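# Chains, contacts and geometry: an overview
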Amino acid sequence: MLNILLFWGTYFGGLFLAFSRAPIYAFVVYQAVYFFNPPKRWWGSSIPDLSYSYYIVVIMIVLVIANYKELSKNKLFNAPQTKWIYLFLATHLMAYAYAAIPIRHDLFTIYFLKLVVIISVAYKLINTERDLKFAVLGYIFGAWYLSFYTFQIGRNRGDRVEGIGTVDSPDSNGIAAAIAPAVVFALFYLWRSDKWWQKLLSLISLAFLCNALVLINSRGAVLGLIIGGSYFVYNLYKGKLKAKYQKATVYGLIITGLIGLTVVVDDGFINRFSSLKQESGGVNEEGETGSTRVIYWKAAFDLALDHPLGTGAYGFNYYARSYIPANTYVGQNLRKSGGVKSVHSSWFSALAEVGFLGLMFFILIFVSCIKTSIALKRLFIKKKLTYEYYFVFALEGALLTFIVTMSFLDRHRAEILYWLILFFMAAHNIYINKSNSQEITKA
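Turning next to a positive patch on the surface. On the surface, a cluster of positive charge is made up of Arg21, Arg130, Lys133 and Lys195. Considering the arrangement of structural elements, one finds Arg130 in helix α7 (residues 129–153). By relative accessible area, which is 43% here, Arg130 ends up partly exposed.

Attention now moves to the pattern of salt bridges. The full count for this structure, using the stated rule, is 6 salt bridges. Put simply, Arg192 and Asp194 hold a salt bridge, and the shortest N to O gap is 3.4 Å. Where Lys377 meets Glu396, a salt bridge forms, and the shortest distance between an N and an O atom there is 3.0 Å. Of this pair, Lys377 sits in helix α16 (residues 346–383) while Glu396 sits in helix α17 (residues 386–406), and the two are 19 residues apart along the sequence. Comparing Lys377 with Glu396 shows no difference in burial state: the two are buried.

Where helix α2 (residues 24–36) contacts α7, the axes come no closer than 8 Å and their chain directions differ by 20°. One finds that α2 runs roughly parallel with respect to α7. Seen along the crossing, α2 lies across α7 with a hand that is right-handed. Packed against α2, whose contacting residues are Ile24, Tyr25, Phe27, Val28, Gln31, Ala32, Phe35 and Phe36, the element α7 presents Asp131, Phe134, Ala135, Gly138, Tyr139, Phe141, Gly142, Ala143, Tyr145 and Leu146 at the interface.

A separate point is the packing of aromatic side chains. Using the criterion set out here, one finds 55 aromatic pairs in the structure. Judged by centre distance (6.3 Å) and plane angle (80°), the rings of Phe36 and Trp43 are edge-to-face. The residues Phe36 and Trp43 share a single accessibility class, namely buried. With centroids separated by 6.4 Å and ring planes inclined at 70°, the aromatic side chains of Phe188 and Phe232 adopt a geometry described as edge-to-face. Here Phe232 lies in helix α10 (residues 219–238) and Phe188 lies in helix α8 (residues 172–192), a separation of 44 residues in the sequence. The burial state of Phe188 is the same as that of Phe232; both residues are buried. In this arrangement the basic side chain of Arg192 is found over the ring face of Tyr387, its NZ or CZ atom lying 3.9 Å from the centre. The ring of Tyr237 carries the charged tip of Lys247 above its face, separated from the ring centre by 4.8 Å.

So, on to empty space enclosed by the protein. A complete count under the given rule lists 2 cavities of 30 Å³ or more for this structure. For the largest cavity, the full set of lining residues is Leu76, Thr82, Ile85, Tyr86, Leu115, Val116, Ile119, Ser120, Tyr418 and Met425. For the lining of the largest cavity, the secondary-structure elements that each account for two or more residues are α5 (80–94), α6 (102–125) and α18 (415–436). Here the lining of the largest cavity takes 4 residues from α6, the largest share from any one element. Computed from the structure, the second largest cavity encloses a volume of approximately 30 Å³. Around the second largest cavity sit Thr91, Met94, Tyr98, Leu309, Val354 and Leu357, which together line it. Only α5 and α16 provide two or more residues apiece to the lining of the second largest cavity. Counted by class, the lining of the second largest cavity contains 5 nonpolar, 1 polar and no charged residues.

Cut-offs used in this document
- Residues numbered from 1 in each chain as written.
- Predicted model: local features only at pLDDT ≥ 70, side-chain atom pairs only at ≥ 80, totals over all residues.
- Heavy atoms only, no water.
- Patch = residues over 30% accessible without salt bridge, like charges linked within 9 Å, V, L, I, M, F, W, Y side chains within 5 Å.
- Areas by Shrake-Rupley, 256 points an atom, 1.4 Å probe, with all protein chains shown as cover.
- Salt bridge = Lys/Arg side-chain N within 4 Å of Asp/Glu carboxyl O.
- Lys, Arg positive; Asp, Glu negative; His and termini not counted.
- Charge placed at Lys NZ, Arg CZ, Asp CG, Glu CD.
- Helix = DSSP H or I, 4+ residues; strand = E, 2+ residues; numbered from the N terminus.
- Buried < 20%, exposed > 50% of the residue type's maximum accessible area, 1.4 Å probe, protein only.
- Axes fitted to C-alpha atoms, helices over the stretch in contact; angles between N-to-C directions.
- Parallel < 35°, antiparallel > 145°, perpendicular 65-115°, else oblique.
- Left-handed = near helix turned anticlockwise from the far one by under 90°.
- Contact = heavy atoms within 4.5 Å.
- Phe/Tyr/Trp six-rings, centres within 6.5 Å; stacked < 30°, edge-to-face > 60°.
- Lys NZ or Arg CZ within 6 Å of the ring centre and 35° of its normal.
- 1 Å grid on protein atoms, 1.4 Å probe; cavity = no way out; pocket = protein on both sides within 12 Å on 5 of 7 lines; lining within 4 Å.
- Points joined across faces, edges and corners; volume = space filled by probe spheres on them.
- Nonpolar A, V, L, I, M, F, W, Y, C, P; charged D, E, K, R; others polar.

The following block contains the structure:
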């Protein structure tokens, strides 16, 4: 009952706010629906079977049209990331001509096209600094809900949680990747919030998010969070701008985090991560381990040399038996079962699917985010805007968390990845484009 009330309250409450307060709330509802994902929840059969996200996207478009005079100033190509995202999409469309599995490629390309449209509309809706804050908080709220749902389900498949996926992240590793960056943002708001109840909500969110990562037991997501979170905390301590009691606050965050780990970490989590030491000796030809992913990556590169324009979605899976050595455990199993293997890396997956050109556009998306963050930090140092300055480090830490995680997963079309990129696009528009034209507003 609680889950249903949360869903309806978020859905209709958000729609009311979208029409009465600010259009950005429509995107916040979309974010929530992504994480709630009613068709895949045990409570989903208790509500009407409707395409809730579809109706929200339609409403987002209607709100852009209704507020065209104001939102038309948010020009898509003023964000440096836009052209690279569109070009990356174009390589997917080009790959129709040589896709190994056309039906699969069609499915994933249409999904990605829809995602690019949604991100483009959401960019229009994020009109002010406050709108950007709501978009980030909407992500934290959605990730919190999924971590709360994970807490309710508990480990249901050995030492892991399964069956809690979203539309584009059906497996547990994908879900861990989706919620891990939210921890960095929650840390920022735990430090940034002025009111005690806001800090309390941030702390509760952190507790549930970290507990969910432990229950899911995704090594890639935890590694990503360690790197991305450490990057944010380190810069919070060493940054050029300082708030009152800032270093003492950093020590407090670290101590709180260590205490929290002693509460949520269990033997299952420790045992799974201890296995990394056993797998660190290199590729094992007698059994499949995490280290055997090196075989997949090399195979993907060899495939790209033969197919420089790519092989379409699931192209690597289709050709895997021709490129994975027959004398390895993985190769032997492929031939015995007639099965397929995913490449287990977004970089190599993009390379195998859309070739060297597509991978270049994909990398340039992140290069443009780096350039945006450098420009933002310079601006905020010049204007002595402390909290905005550290918000950029939170953006970087969250994106770095996902980048590390997706290096071990096929997530180059992940919804959350493009939300994170969207935040960079919106920040560039609000703080740089509008600042240059003297249009920047905070409300």
